[in-house]
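Listed below are the residues making up each chain.
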Amino acid sequence: MWVYRLKGTLDELDPLLPELFDRGARGLEERAGEVLAYFPAPLDLPFGGEWEELPDEDWLSAWKRDLSPVEAGPFVVLAPWHAWEGSGKRIVLEPGMAFGTGHHETTRMALSALGRHARPGGKALDLGTGSGILAIGAALLGMEALGVDIDPTVLPQAEENARRNGVAPRFLLGSLEEALPHGPFDLLLANLYAELHQALAEGYKKALKPGGVALLTGILKAKAEGVEEALEGAGLGVLEREEAGEWVLYAAAP
Ligand code: SAM
């Protein structure tokens, strides 16, 4: 295992985090003014960090020690070793290679918004499912959920996480186009990035039933206006805008 050491705190480096995961980071840890990103092998990254090789047994236990339960809307996201006495619908995830442990603001906002907009008995699409967390949340709230992702390595983890939580969303390799034949959907959840939301806005309208809602996040504040324009251009009106740190979530509907 290799660690990529970046100067700064998790808050300061927040905009980089999805990209670190997209490039293969398996976990992140903050220590005394540094963020450590764990990778299976070193690679060429443009963020000015330094690489160091670690003994294999070290990294996972250190990272696990620092993960804490996350409360978001009706949910609490727990790792299997957490004891939790509080309330909330439990989502138990083995923090692994896929993005989506609930520790990122975007995932937390999406879970809270899911709590507000879930339609028990309806269909939900989780576009860019990662760990499967949003599809699992939708299924726990009684929806028939489909999770899709273009990364084939995350799907077995999403399946395993769903099994662990006693729900059975469907998971498919692909993106919006592959999901469309399984719709239309009452709820679309997508934690991606601004440019992709802009490109997919027309497709979101096609994917939704009349009266359906799209919950879109992974959008940096600085890029939110462009997403809003693309949604309106595609005939989707913004119902809600929520912010956490540098990030924005939109609820939009046809
Ligand atoms: N849904 C999880 C969450 O909210 O924590 C994970 C979100 S993670 C930021 C984005 C995921 O989208 C990654 O697993 C990535 O592989 C996937 N992804 C990226 N581009 C995609 C696309 N065009 N279609 C489908 N999935 C995509």
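Check the entry above for the structure.
The rules behind these values
Chains are numbered independently. Their residues run from 1 in the order of the written sequence. Given that the model is predicted, a residue must reach a pLDDT of at least 70 before its local features are reported, and side-chain atom pairs must reach 80 or more before they are shown or counted; all residues, however, enter totals for whole chains, interfaces and linings. Only hydrogens and water are set aside when side-chain values are computed; all heavy atoms of the structure are taken into account. Put simply, DSSP H or I for four residues or longer makes a helix, DSSP E for two residues or longer makes a strand, and each gets a number counted from the N terminus. For every residue, the accessible area obtained with a 1.4 Å probe (protein chains only) is divided by the maximum for its type, and the residue is called buried under 20%, exposed over 50%, and partly exposed between those limits. Whether two residues touch is decided by their heavy atoms; if any such pair falls within 4.5 Å, the residues are in contact. What sets the accessible areas is the Shrake-Rupley method with a 1.4 Å probe; for residues, cover comes only from the shown protein chains. Neither His nor the chain ends is counted toward charge; the positive residues are Lys and Arg and the negative residues Asp and Glu. By convention, charge coordinates are those of NZ in Lys, CZ in Arg, CG in Asp, or CD in Glu. Near residues are defined by distance, with any heavy atom within 4 Å of the molecule or strand qualifying the residue. In protein, a polar contact requires one atom able to donate a hydrogen and another able to accept it; more generally it is a pair of N or O atoms within 3.5 Å, and residues adjacent in sequence count only if both atoms are side-chain atoms. Lys, Arg, Asp and Glu make up the charged group, whereas Ala, Val, Leu, Ile, Met, Phe, Trp, Tyr, Cys and Pro make up the nonpolar group; the residues left over, Gly among them, are polar. One less than the number of residues in a helix, times 1.5 Å, gives the span that helix is expected to have. To get the bend at a residue, fit one axis to the 7 residues ending there and another to the 7 starting there, then take the angle between the axes. What counts as a salt bridge is simple: a side-chain nitrogen of Lys or Arg found within 4 Å of a carboxyl oxygen of Asp or Glu. Here, a strand pair is defined by DSSP locating no fewer than two bridges between the strands. Lines fitted to C-alpha atoms define the axes, with helix axes restricted to the stretch in contact, and inter-axis angles between N-to-C directions lie between 0 and 180 degrees. Remark: nonpolar core denotes a set of buried residues (Ala, Val, Leu, Ile, Met, Phe, Trp, Tyr, Cys) joined through side-chain atoms within 4.5 Å. When an angle is under 35 degrees it counts as roughly parallel; over 145 it counts as roughly antiparallel; between 65 and 115 it counts as roughly perpendicular; any other value is oblique.

Draft legend 1. Spatial organisation of the overall build of the protein chain. The helix and strand tally for the protein chain stands at eight helices and 14 strands. Dimensions of the protein chain, computed from the C-alpha atoms along their principal axes, are close to 55 × 40 × 30 Å. When the 254 residues of the protein chain are sorted by exposure, 51% land in the buried category. Of the contacts made within the protein chain by residues no fewer than 6 positions apart, 62% connect residues no fewer than 24 positions apart. For the protein chain, the computed accessible surface area is about 11300 Å², with 51% contributed by carbon and sulfur atoms. The positive charge centre, built from 22 side chains, and the negative charge centre, built from 39, are 6 Å apart in the protein chain.

Draft legend 2. Up close: the site of the ligand. Residues in contact with the ligand amount to 17 residues; listed here are only the nearest, Thr107, Gly128, Asp149, Ser175 and Asn191. Note that a nitrogen atom of the ligand is positioned 3.4 Å from one of the backbone N or O atoms of Thr129. The separation between an oxygen atom of the ligand and a polar side-chain atom of Asp149 is 2.7 Å. Contact with the protein chains removes 90% of the 610 Å² of surface that the ligand exposes when unbound. Of the residues belonging to the shell around the ligand, the class tally is six nonpolar, eight polar and three charged.

Draft legend 3. Fine view of helix α7 (residues 194–207). A rise of 1.5 Å per residue sets the reference length of α7, with its 14 residues, at 20 Å; its end C-alpha atoms lie 18 Å apart and thus fit the reference within 8%. Where α7 bends most, at Leu200, the angle is about 55°. Buried positions along α7 lie against β8 (123–127), α6 (176–179), β11 (185–191), β12 (208–220) and α8 (224–233).

Draft legend 4. Seen up close, the pattern of salt bridges. Per the counting criterion, the structure on display carries ten salt bridges. A salt bridge links Arg163 to Glu160, with the nearest nitrogen and oxygen atoms 3.0 Å apart. Of this pair, Arg163 and Glu160 both sit in helix α5 (residues 155–164), three residues apart, which is roughly one turn of that helix. A salt bridge links Glu195 to Lys223, with the shortest nitrogen-to-oxygen separation between them at 2.8 Å. Here Lys223 lies in the loop between β12 and α8 and Glu195 lies in helix α7, a separation of 28 residues in the sequence.

Draft legend 5. Representation of the sheet that holds strand β6 (residues 75–78) within the structure. One open sheet holds the three strands; their spatial order is β5-β6-β7, and the pairing between them is mixed. In the strand order of this sheet, the two ends are held by β5 (70–72) and β7 (89–92), each with one partner. Each adjacent strand pair in this sheet contributes to an overall mean axis angle of 25°, direction not counted. The pairing of β6 with β7 spans four bridges and is classified as parallel. Bridge pairing in β7 places Val77 opposite Ile91. Sheet strands touched by helix α3 (residues 105–117): β5, β6 and β7. Its angle to β5, the strand with the most contacts, is close to 40°.

Draft legend 6. Structural view of the nonpolar core. Counting 34 residues, the largest nonpolar core has Ile91, Leu111, Leu114, Ile133, Leu187 and Leu215 as the members making the most contacts within it. If you list the elements that add at least two residues to this core, you get β5, β6, α3, α4 (133–140), α5, β11, β12 and β14 (247–253). It is α4 that provides the largest number of residues to this core, a total of six residues. Those residues in contact with Leu114 that sit more than four places away from it in its chain are Phe75, Leu134, Gly137, Ala138, Leu141, Leu187, Leu189 and Leu215. In terms of nonpolar packing, the next biggest core, distinct from the first, is built from 29 residues, Leu125, Leu127, Leu176 and Ala230 among them.

Draft legend 7. Structural context of the packing of α7 against α8. At their nearest, the axes of α7 and α8 sit 8 Å apart, and the two run at 10° to each other. By the criterion of interaxial angle, the relationship of α7 to α8 is roughly parallel. When α7 is examined against α8, the residues Ala194, His197, Gln198, Ala201, Glu202 and Tyr204 are found in contact with a partner set consisting of Gly226, Val227, Ala230, Leu231 and Gly233. Considered class by class, the residues forming the contact of α7 with α8 number six nonpolar, four polar and one charged.

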